[in-house]
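Structural features, examined
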Protein chains: 2
Amino acid sequence: MTEKPTEPLTDQDFLRLDGQICFALNAATRAVGGLYRVVLKDLGLTYPQYLVMLVLWEHGELPVKQIGRHLRLDSGTLSPLLKRLEAAGLVARERSTEDERSVHARLTAEGAALRDRAVEVPRRIAAATGFDLAEIHDLHARLGRLTAALDAAVPPEA
Amino acid sequence: MTEKPTEPLTDQDFLRLDGQICFALNAATRAVGGLYRVVLKDLGLTYPQYLVMLVLWEHGELPVKQIGRHLRLDSGTLSPLLKRLEAAGLVARERSTEDERSVHARLTAEGAALRDRAVEVPRRIAAATGFDLAEIHDLHARLGRLTAALDAAVPPEA
DNA sequence: CGGCATTGAGTTGTGCGCAACTCAATTGCG
DNA sequence: CGCAATTGAGTTGCGCACAACTCAATGCCG
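Residues numbered from 1 in each chain as written. Chains lettered and ligands numbered in written order. Predicted model: local features only at pLDDT ≥ 70, side-chain atom pairs only at ≥ 80, totals over all residues. Heavy atoms only, no water.

1. Side note on the overall build of chain A
Counting its regular elements, chain A contains seven helices and three strands. Scanning chain A from its N terminus toward the C terminus, one meets helices and strands in the order α-α-β-α-α-β-β-α-α-α. Seen through its C-alpha atoms, chain A measures out along the principal axes to roughly 65 × 40 × 25 Å. Of all intrachain contacts in chain A linking residues separated by at least 6 positions in sequence, the fraction that spans at least 24 positions is 49%. (Helix = DSSP H or I, 4+ residues; strand = E, 2+ residues; numbered from the N terminus. Contact = heavy atoms within 4.5 Å.)

Written as structure tokens, this is what we have:
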């Protein structure tokens, strides 16, 4: 659509292009995950657990629902993950007194202290990518637009 | 590194920025996956299965190892996935006669025929993103560089 | 030629992501 | 007020990703 008629892409071309972009996004995500796995090993965190900790370090105590909004995750993923963080002694969970459906997650002293060791993580990652801040911001913006467009496109089908 | 000294970013800033870019990449990947899940439902394929089929549609018969190279996946992921594709009647597997360690995957008639129905997938995805070809190519290039940089950075630690 | 390292596929175990579901608490509406 | 609909956590089941492992086939080197 909206392409110049100079080179009409065939269906085959579209399939190949689709494979390339999907593969690129997939591979990039898994490559990032792989690097974080190495870097986070010292902290005893998985990559998704690190993301949850980032949210808690920034916002303090939060109900599970809010964490999910920040990370685009539902309780099916977060409940067991938070249980593992609780078992690791980093997070405490307790039902809200004002709304007993809601469960609040907050950092333990140990969980809060882990932040001091986590500050080196982004530096090591940034060093590995070789991307500068401008590039990171640009990629961030593009991915944000992509996600927004897709999220807007998916629900209508439901 | 290489930043102007006007605003020295604190550790906290780096952690927040890290969370933002990680989240963006993660969310984009999962948003893409979510859209493909919807679109691929008709074909009875998951997103990773679709990627494998794309490889087979393009290259024909391939040993598992080669598929893995294309998709950056190992046998731990591919073996059960291919078994499911085989159970679905789309793929056949047979040990190579010249090297009996190797297993070749090839399309069945049904698997090859599925391509005709798959050609609409990229169009529906592209329509949902609202991205034009130039933008897709640009994103593709950036993600490729990111993956290459990360893959170069990770193995050294092993 | 014999034996050892390497290679390719597969299995096992753990954690994540998501759909579909249950259950209790809360909201809202007649 | 009372009851149905909604909301928030949690559970279950399935598929994917990856580490660590097994096993057989191959390659290599003295």
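Additional details are given in the paragraphs that follow.
2. Some thoughts on the domain arrangement of chain A
All names here are of chain A. Domain parsing of chain A yields domain 1 (21-118) and domain 2 (122-158). For domain 1 and domain 2, the distance between their C-alpha centroids amounts to 19 Å. Taken together, the contacts link eight residues of domain 1 with seven residues of domain 2. Counting the surface lost from both domain 1 and domain 2, the interface buries some 620 Å², and carbon and sulfur atoms represent 66% of this. For domain 1, the biggest contributors to the area lost against domain 2 are Leu35, Val39 and Arg72; these three give 55% of the whole. Connecting domain 1 to domain 2 are one salt bridge. Between Asp42 and Arg124 there is a salt bridge whose closest N-O contact spans 4.0 Å. Where domain 1 meets domain 2, there are zero residue pairs in polar contact (both at pLDDT 80 or more). Broken down by class, the residue content of the side of domain 1 that touches domain 2 amounts to six nonpolar, no polar and two charged. (Domains from an automatic or database assignment. Buried area = accessible area lost by both parts, 1.4 Å probe. Salt bridge = Lys/Arg side-chain N within 4 Å of Asp/Glu carboxyl O. Polar contact = N/O pair within 3.5 Å; in protein donor to acceptor, adjacent residues only side chain to side chain. Nonpolar A, V, L, I, M, F, W, Y, C, P; charged D, E, K, R; others polar.)

3. Comments concerning the interface of chain B and chain A
How big an interface is tends to be stated in terms of accessible area lost as the parts join. Every contact between the two is made by 67 residues of chain B and, on the other side, 67 residues of chain A. For the chain B and chain A pair, buried surface summed over both sides reaches about 6,500 Å², with 68% attributable to carbon and sulfur atoms. Our count for the chain B to chain A interface comes out at six salt bridges. Two residues, Asp138(A) and Arg142(B), come together in a salt bridge whose shortest N-O distance is 3.0 Å. In this structure, the connection of chain B to chain A is made through 17 residue pairs in polar contact (both at pLDDT 80 or more). Of all the elements in the fold, those that place two or more residues in the side of chain B that touches chain A are α1 (11-40), α2 (47-59), α3 (64-71), α5 (109-118), α6 (120-129) and α7 (133-153) of chain B. For the side of chain B that touches chain A, the element with the highest residue contribution is α1(B), accounting for 25 residues.

4. Some words on the protein's contact with DNA strand D
Within the structure, DNA strand D sits among 26 residues, and Lys65(A), Ser75(A), Thr46(B), Thr77(B) and Arg84(B) are positioned closest to it. Protein-proximal atoms of DNA strand D, defined as those within 4 Å of the protein, fall in sugar or phosphate at a share of 78%. In this structure, a phosphate oxygen belonging to DNA strand D sits 3.1 Å away from a side-chain N or O atom of Gln49(B). The backbone of Glu100(B) places a nitrogen or oxygen atom 3.3 Å from a phosphate oxygen of DNA strand D. Put simply, the parts of the chain that give the surface near DNA strand D at least two residues each are α1 (11-40), α3 (64-71), α4 (75-87) and β2 (91-95) of chain A together with α2 and α4 (75-87) of chain B. (Near = heavy atom within 4 Å.)

5. Some words on the layout of surface pockets
Approximately 680 Å³ is the volume found for the largest pocket. As for the largest pocket, its lining consists of 29 residues, and the residues nearest its centre are Asn26(A), Thr29(A), Arg30(A), Thr29(B) and Arg30(B). Residue assignment for the lining of the largest pocket shows that the elements contributing at least two residues are α1 and α2 (47-59) of chain A together with α1, α2 and α4 of chain B. For the lining of the largest pocket, the residue count by class is 14 nonpolar, eleven polar and four charged. (1 Å grid on protein atoms, 1.4 Å probe; cavity = no way out; pocket = protein on both sides within 12 Å on 5 of 7 lines; lining within 4 Å. Points joined across faces, edges and corners; volume = space filled by probe spheres on them.)

6. Thoughts on the sheet that holds strand β1 (residues 62-63) of chain B
Two pairing modes exist for strands in a sheet, parallel and antiparallel, and in both the strands are linked by backbone hydrogen bonds. All names here are of chain B. Pairing within the open sheet is antiparallel, and its three strands lie in the order β1-β3-β2. Single-partner strands in this sheet number two, and they are β1 and β2 (91-95). Against the sheet, α2 makes contact with β1, β2 and β3 (103-107), and its axis sits at roughly 85 degrees relative to β3, the strand it touches most. (Pairing = 2+ DSSP bridges. Axes fitted to C-alpha atoms, helices over the stretch in contact; angles between N-to-C directions.)

7. Things to note about the protein's contact with DNA strand C
Surveying the vicinity of DNA strand C reveals 27 residues, the closest of which are Arg84(A), Lys65(B), Ser75(B), Ser79(B) and Arg93(B). Of what DNA strand C places within 4 Å of the protein, 76% of the atoms are sugar or phosphate. Here a phosphate oxygen of DNA strand C and a backbone polar atom of Lys65(B) are 2.8 Å apart. Here a phosphate oxygen of DNA strand C sits 3.0 Å away from a polar atom, N or O, in the side chain of Ser79(B). Elements with a minimum of two residues in the surface near DNA strand C: α2 and α4 of chain A together with α1, α3, α4 and β2 of chain B. By residue class, the composition of the surface near DNA strand C is six nonpolar, eight polar and 13 charged.

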